[in-house]
Amino acid sequence: MFDMLGNIMKNLLSKPATRMYPFEKRENFKNTRGQLGDIDIDACIFCSICAKKCPSDAIIVNRNEKSWEVDRYKCIVCGVCTEVCPKKCLHMEEQYKTASYTKENAKFVQQPKPEAPAGQSQEQKQ
Ligand code: SF4
Ligand code: SF4
């Protein structure tokens, strides 16, 4: 009985063992992979190397549509796609995925670049 009372008093007077999330967030551990960030779609050349190397088939590249998409729920955040991309347009972010009601792919489409007026070279445009 006294043991139990001692434990109760100790628990009442000690700090909680857990954090007051979301008010108090924990810093990420060093080298945490987090999640795959958004692609720099303007730099992508739609070579599909990332999709071929992805171990979980989470990436779909459509060269004709100039689109790139990832199923973030298939992604196992291995980071392979960021390492093999020849244009370095993929990167890992430290934040973790937040909870979501839907499971839609994150899809990015490259917009056509504005054409230079006739007779004007690429250098003159800048
Ligand atoms: S490897 Fe890079 S450049 Fe190639 S399709 Fe993937 S994201 Fe685009
Ligand atoms: S981080 Fe890994 S699993 Fe996720 S999309 Fe890139 S290669 Fe695929």
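Further up the page is the structure itself.
## Looking at unusual backbone geometry
- Here Tyr21 and Pro22 are connected by a cis peptide whose omega angle stands at 5°.
- The backbone of Asp57 sits at a positive phi, close to 50°, despite the residue not being glycine.
- Relative to the helices and strands, Asp57 is located in the loop between α2 (49-53) and β2 (59-62).
- Among the residues examined, Asp57 registers a relative accessible area of 55% and is labelled exposed.
- For Lys88, which is not glycine, the phi torsion reads 55° and is therefore positive.
- Along the chain, Lys88 falls in the loop between α3 (80-84) and β4 (92-93).
- Since its relative accessible area comes to 56%, Lys88 is described here as exposed.

Reading guide: rules and limits
Throughout, a residue's number is its position along its own chain's written sequence, starting from 1. As a convention, the first chain written is A and the first ligand written is 1, with the rest following in written order. Restriction of local features to residues with pLDDT of at least 70 applies here, the model being predicted, together with a cutoff of 80 or more for giving and counting side-chain atom pairs; totals for whole chains, interfaces and linings are based on all residues. Processing note: side-chain calculations cover all non-hydrogen atoms of the structure and skip hydrogens and water entirely. Helix numbers and strand numbers start at the N terminus; a helix is a DSSP run of H or I with at least 4 residues, a strand a run of E with at least 2. Burial classes follow relative accessibility: with a 1.4 Å probe on protein chains only, a residue under 20% of its type's maximum area counts as buried, one over 50% as exposed, and anything between as partly exposed.

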